[in-house]
Amino acid sequence: MHKKLQSQGTWIGKWTFIFAATGSAVGLGNIWGFPYKAGTEGGAAFVLIYLLCIVVIGIPIMISEILIGRRYGNSPINAMKKSGIESGKSGVWALVGWIGIIAGILILSFYSVIAGICLNYIYISAFPSGQEASAQFGEVISSPINLIFWHTVFMALTMWIVSAGVKDGIGRIVKILMPMLGFLLIFMVFYAVLKGEFLKALSFLFAPDFSKITTSTFLTAMGQAFFSLSLGMGSIMAYGAYMSKDQKIITTSFSVGSLDTLIAVLAGLAIFPIVFAFNTGLGEGPGLVFVSLSEAFNQMNFGRIIGPLFFILLSVAALSSSISILEPGVAYLAEEGFLRREISAIVISLLCWFIGIGTALGFNILSTVDDLGESVNPILNSLELISVQILQPLGGLLIAIFVGWFMKEALIKSELGNVNKIIYSSWRFFIKFVAPLAVGFIFLSQILPESFLVQVKEFFLSLFN
Ligand code: TRP
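Residues numbered from 1 in each chain as written. Predicted model: local features only at pLDDT ≥ 70, side-chain atom pairs only at ≥ 80, totals over all residues. Heavy atoms only, no water.

For this particular structure, what's the right way to read the overall build of the chain?
Along the backbone of the chain there are 19 helices and two strands. Against the compact-globule benchmark of 23 Å for 465 residues, the chain has a radius of gyration of 22 Å, which places it among compact chains. Residues classed as buried in the chain amount to 57% of the 465 residues present. Nonlocal contacts in the chain, meaning residues at least 24 apart in sequence, comprise 80% of its contacts between residues at least 6 apart. Of the accessible surface of the chain, which amounts to about 19100 Å², a share of 69% is contributed by carbon and sulfur atoms. (Helix = DSSP H or I, 4+ residues; strand = E, 2+ residues; numbered from the N terminus. Rg over C-alpha atoms; globule rule 2.2 N^0.38 Å. Buried < 20%, exposed > 50% of the residue type's maximum accessible area, 1.4 Å probe, protein only. Contact = heavy atoms within 4.5 Å. Areas by Shrake-Rupley, 256 points an atom, 1.4 Å probe, with all protein chains shown as cover.)

Here it is, written out as structure tokens:
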């Protein structure tokens, strides 16, 4: 029998779980991912579809992860194993936990390199070299030593917090990081309202252009909702193991989902007014914050103060996420008694650090050129493909199927406690039917060739003609 993880500590007070889970959810995905995707995928139309995905897929899966984590109080591998067995099925469900841990190691191996670039930019934006932002960004990513240095710093911070445990490490740090993040973000939004093109940004983000919606909008919105809520790989399940029994799972999941969405929207409202006011180009992906926004910081009056504040915000958000990516694997090694918690944190971090070197080199000496002549990071792309586009939706799909179809309903009900009947039945419906179908669709769309998807789409369109 495995000892419950709570012997390694618990969250103190119900806010700590909310801070920790929100900290996990809010990260690089919210602050650069959401704003630029909302911009390129049809503005308000995308935002609406995204909200729908959060409510009908994201939150139902989050509820399922927390309920399994809390019921068994173990790392995702053992929690899934025990819940499979207790529901009269088999322990093979532990596989879901394994998928999560592997996905986590791969995600952290690129997340940490990007977060390292954010740390580097705290310094760069405080002491600009006078060159253009795009040249500056080129210089940053062309130096393997520089990237590896900041990746090492970020990984070491993550390792240090996780090794200190749930009460003294993660629980304590999120109570500092999350209010700091909220404060910095609100400050940035105020600054953007006063100094930037706020109305233009509002219409860019919220004036719907339904003509821009394609199948890819749905896929992007679902994928983004999934990544943003940290679902499908056990982060939230592992955090659930430390949650107190009297906390309400459904209400808490709604709070975390809403805070995550609110912060993504606020990030858009902090970034776009500035990018518009200084006319530095919308860019895309990493380019938006590291090039367009940095160029704006170079040009504005207090850029050498606002810039570093923004990159501190981004780094804080990334750190409170990276600790949740590391936690499931560390919790597993520690609860099995293979290694002490501190040593487990060191071992897994070293592994992520090592693979991360590949990500760093992929930006320079190992980079390749795509059909359009743009340089690409083949290692980052492969890591992201396997972890975020394949393993994560697969994990989410299996969790939804397990809870919807295999887990004993009596167990679920006893864990959820007293819940309004309508809310319970809606959740049941979403987790049984909507989530598996929708996630199954994202999952297949990631692995099937595009030509096949086009045929499927044409088939459906032909039904309506
Ligand atoms: N949600 C975080 C972000 O938006 C990243 C993250 C943390 C994550 N834990 C995860 C992503 C687990 C996938 C799975 O940046």
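Looking at this model, I keep getting lost on helix H7 (residues 144-163). Mind explaining?
Every α-helix winds through 3.6 residues per turn, so residues three or four apart in the chain are directed the same way. The end-to-end C-alpha separation of H7 is 28 Å, in line with the 28 Å expected for 20 residues at 1.5 Å each. Within the sequence span of H7, burial applies to Leu-147, Ile-148, Trp-150, His-151, Phe-154, Met-155, Thr-158, Ile-161, Val-162 and Ser-163. Tucked into the core, H7 has its buried residues touching helix H5 (94-126), helix H6 (133-142), helix H8 (166-195), helix H14 (303-335) and helix H15 (341-362). The first or second residue beyond H7 is Gly-165, which carries a positive phi of 95°. (Expected span 1.5 Å × (residues − 1).)

Can you help me understand the site of the ligand in this one?
For the ligand, the set of nearby residues contains 17 residues, the closest of which are Ala-25, Gly-29, Tyr-111, Phe-227 and Ser-230. Contacts to the ligand include Leu-28, whose backbone N or O atom sits 3.1 Å from an oxygen atom. Computed on the free molecule, the ligand has an accessible area of 360 Å², of which 100% lies beneath the protein chains in the complex. Across the shell around the ligand, the residue classes break down as seven nonpolar, ten polar and no charged. (Near = heavy atom within 4 Å. Polar contact = N/O pair within 3.5 Å; in protein donor to acceptor, adjacent residues only side chain to side chain. Nonpolar A, V, L, I, M, F, W, Y, C, P; charged D, E, K, R; others polar.)

Before we go on, may I ask you to explain the packing of helix H3 (residues 44-72) against helix H17 (residues 409-416) in this structure?
Between two packed helices, the angle of one axis relative to the other and the distance separating the axes together describe the packing. Close contact between H3 and H17 brings their axes to 10 Å; oriented N to C, the two are set at 90°. Between H3 and H17, the interaxial angle falls into the category roughly perpendicular. Contact residues: Ile-63, Leu-67, Arg-70, Arg-71 and Tyr-72 in H3; Leu-411, Ile-412, Ser-414, Glu-415 and Leu-416 in H17. Each residue belonging to the contact of H3 with H17 can be placed in one class, and the counts come to six nonpolar, one polar and three charged. (Axes fitted to C-alpha atoms, helices over the stretch in contact; angles between N-to-C directions. Parallel < 35°, antiparallel > 145°, perpendicular 65-115°, else oblique.)

What is the right way to look at helix H16 (residues 378-406) in this model?
For H16, which comprises 29 residues, the first-to-last C-alpha distance of 39 Å matches the rise-based estimate of 42 Å (1.5 Å per residue) to within 8%. Capping of H16 at its N-terminal end is provided by Asn-377; its side-chain oxygen lies 3.1 Å from the backbone amide nitrogen of Ile-379.

When you look at the packing of helix H1 (residues 14-25) against H8 in this model, what are you seeing that I'm missing?
Between H1 and H8, the shortest axis-to-axis distance is 9 Å and the interhelical angle comes to 70°. Taken together, H1 and H8 sit at an angle that is classed as roughly perpendicular. In this structure, H1 meets H8 at a crossing whose hand is left-handed. Contact residues: H1 offers Thr-16, Phe-19, Ala-20, Thr-22 and Gly-23, while H8 offers Gly-171, Val-174, Lys-175, Met-178 and Pro-179. Its residues placed into classes, the contact of H1 with H8 shows five nonpolar, four polar and one charged. (Left-handed = near helix turned anticlockwise from the far one by under 90°.)

Help me understand the layout of surface pockets in this model?
One simple way to see leftover space: roll a probe sized like a water molecule over the atoms. Within this model, the second largest pocket holds a volume of roughly 190 Å³. Lining the second largest pocket are Trp-15, Phe-19, Thr-22, Met-178, Leu-181, Gly-182, Leu-185, Ile-186, Leu-259, Leu-262, Ile-263 and Leu-266. Mapped onto the lining of the second largest pocket, the elements with two or more residues apiece are H1, H8 and helix H12 (249-277). Per-element accounting of the lining of the second largest pocket gives the leading share, five residues, to H8. Classifying every residue of the lining of the second largest pocket gives ten nonpolar, two polar and no charged. (1 Å grid on protein atoms, 1.4 Å probe; cavity = no way out; pocket = protein on both sides within 12 Å on 5 of 7 lines; lining within 4 Å. Points joined across faces, edges and corners; volume = space filled by probe spheres on them.)

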